[in-house]
Amino acid sequence: MSELESIESEALGAVQAAADLAALDAVRVAELGKKGRISAFMKTLGKMTPEERQVAGPLLNALKTRVADAVAARKTVLEDAALDAQLATEYEDLTLPPPPEPVGALHPVMQVFEEMAAIFGTMGFAVAEGPDIEDDWHNFTALNFPEGHPARETHDTFFMNNPEGGAPKVLRTHTSPVQIRTMMEQKPPIRIIAPGRVYRNDWDATHTPMFHQVEGLVIEKGIHMGHLKGCLIDFVKAFFEVDTVEARFRPHFFPFTEPSAEMDVKYTKKGDSIQIGQGDSWMEILGSGMVHPNVLRNCGIDPDEYQGFAFGMGVDRLAMLKYGMPDLRPYFEADPEWTRHYGFAPWLTPTVSGGLS
Ligand code: PHE
């Protein structure tokens, strides 16, 4: 191999091996710079004879051009790579973050059901349930509503069609039929609450055709009105999270309790909000009474051996009072904005010791 050929292959090899622009420039200076190897050869042309120069000149020039072209080509490759590397480090992620996962909220009525189950749970009550579509016997007759008694009319009952004839079924007008179902299935002692939906043909600013009640029933030996009062006052204190509750039990009538009483509690109105417990006005919050002996007998329980008390309360209004919701109607409109505002995190199960709300 001639000297020129070995210079060329060395120079081209060095160009290809240059890993970055600085290394490539060093190769360029070493070969083509003023003091470079190929430039030094060019200077020898001056000392040659014209004949020698005619041969060596074009060879040297061609060599110089090929090395210069190789340097330029390698330079483009290295510059592209350098730009790619820079762009990779300067990369900005302009994609939008994913939208938040939709989160549901517990309806305030469901929250209050849970709170009540927690409070009565600490008093030894279990939760019982019954069907929304009830028969006349459980909703009325067994509860000591005599046939044709005017009390049946006061409930504005929704009657179901009964194509087979016979007594039509009803949408239960209260949760009290769960008292009957429980006493038919369980032996005393009994302590249950029964949360659920109830239906009456009523529709105005403060009444909706479907609403919610929680029923309570205690059947034990030696139960009297004092137990009823103590239990319900304790409940109201725990539910409204206050230390003092002034209450009164005002005589009333329900066919299934005797005596019967409505429970009123004192309250104070502060601006738009209402504080339960003390104050100068009374508010009715529930119906209650000692279970009527006829009801016990209808369920096969001897009233001379067992006594009990029962109560029933409207949950929608208690939730309004506790959580300062001014209007009943949005309860049933399923507006997600309202639910987000007034709803509760579904995983925060209320407990009496850990906090109800
Ligand atoms: N069931 C009654 C009502 O709906 C409430 C009640 C329940 C009263 C239990 C006394 C005892 O109005």
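All figures in this text were calculated on a predicted structure; none of them were measured in a lab. (Residues numbered from 1 in each chain as written. Predicted model: local features only at pLDDT ≥ 70, side-chain atom pairs only at ≥ 80, totals over all residues. Heavy atoms only, no water.)

### Side note on the pattern of salt bridges
Working step 1: The tally for this structure, following the rule as stated, stands at 17 salt bridges.
Working step 2: A salt bridge links Glu8 to Arg66, with the shortest nitrogen-to-oxygen separation between them at 2.7 Å. Linking Glu8 in helix 1 (residues 3-17) with Arg66 in helix 4 (residues 50-89), this pair joins segments that are 58 residues apart in sequence.
Working step 3: According to the relative accessible area criterion, Glu8 is buried, its value standing at 15%.
Working step 4: The network of salt bridges with common partners includes Arg248, Arg250, Glu262 and Asp264. (Salt bridge = Lys/Arg side-chain N within 4 Å of Asp/Glu carboxyl O. Helix = DSSP H or I, 4+ residues; strand = E, 2+ residues; numbered from the N terminus. Buried < 20%, exposed > 50% of the residue type's maximum accessible area, 1.4 Å probe, protein only.)

### As for the packing of aromatic side chains
Working step 1: Tallied over the entire structure, the rule returns 13 aromatic pairs.
Working step 2: Note on Tyr331 and Trp338: the rings are 5.6 Å apart at their centroids and 45° apart in plane angle, and the pair reads as tilted.
Working step 3: Residue Tyr331 is classed as buried on the basis of its relative accessible area, which comes to 4%.
Working step 4: The buried category is assigned to Trp338, whose relative accessible area is 12%. (Phe/Tyr/Trp six-rings, centres within 6.5 Å; stacked < 30°, edge-to-face > 60°.)

### Focus: the layout of surface pockets
To locate leftover empty space, one rolls a probe as large as a water molecule over the atoms.
Working step 1: Here the largest pocket is characterised by a volume of approximately 1100 Å³.
Working step 2: The wall of the largest pocket is formed by 44 residues, among which Arg200, Phe211, Gln213, Glu284 and Gly314 lie closest to the centre.
Working step 3: Of all the secondary-structure elements, those providing two or more residues to the lining of the largest pocket are strand 5 (210-220), strand 6 (247-254), strand 7 (257-270), strand 9 (281-291), strand 10 (307-314) and helix 11 (315-323).
Working step 4: Ranked by residue count, the leading element in the lining of the largest pocket is strand 9, at 6 residues. (1 Å grid on protein atoms, 1.4 Å probe; cavity = no way out; pocket = protein on both sides within 12 Å on 5 of 7 lines; lining within 4 Å. Points joined across faces, edges and corners; volume = space filled by probe spheres on them.)

### Quick notes on the site of the ligand
Working step 1: Lining the immediate environment of the ligand, one finds 14 residues, of which His174, Ser176, Arg200, Gln213 and Gly312 sit closest.
Working step 2: Taking Ser176, its side chain carries an N or O atom lying 2.9 Å from a nitrogen atom of the ligand.
Working step 3: For the ligand, the accessible surface in isolation is 320 Å², of which the surrounding protein chains cover 91%.
Working step 4: Class assignment of the residues belonging to the shell around the ligand gives a composition of 4 nonpolar, 8 polar and 2 charged. (Near = heavy atom within 4 Å. Polar contact = N/O pair within 3.5 Å; in protein donor to acceptor, adjacent residues only side chain to side chain. Areas by Shrake-Rupley, 256 points an atom, 1.4 Å probe, with all protein chains shown as cover. Nonpolar A, V, L, I, M, F, W, Y, C, P; charged D, E, K, R; others polar.)

### A word on the domain arrangement of the protein
Working step 1: Taken as a whole, the protein is organised into domain 1 (2-89) and domain 2 (108-341).
Working step 2: Computed from C-alpha coordinates alone, the two centres of domain 1 and domain 2 are separated by 99 Å. (Domains from an automatic or database assignment.)

### Description of helix 8 (residues 177-185)
Working step 1: For helix 8, the full list of buried residues reads Pro177, Val178, Gln179, Ile180, Thr182 and Met183.
Working step 2: Buried positions along helix 8 lie against strand 2 (133-134), helix 6 (136-139), strand 4 (190-199), strand 5, helix 10 (293-298) and strand 10. (Contact = heavy atoms within 4.5 Å.)

### Things to note about the pairing of strand 8 (residues 273-276)
Working step 1: Pairing geometry for strand 7 and strand 8, over 4 bridges, is antiparallel. Along strand 8, the bridge assignment pairs Lys269 with Ile274.
Working step 2: The hairpin formed by strand 7 and strand 8 contains 2 residues between the paired strands, and Gly271 there has a positive phi angle of roughly 60°. (Pairing = 2+ DSSP bridges.)

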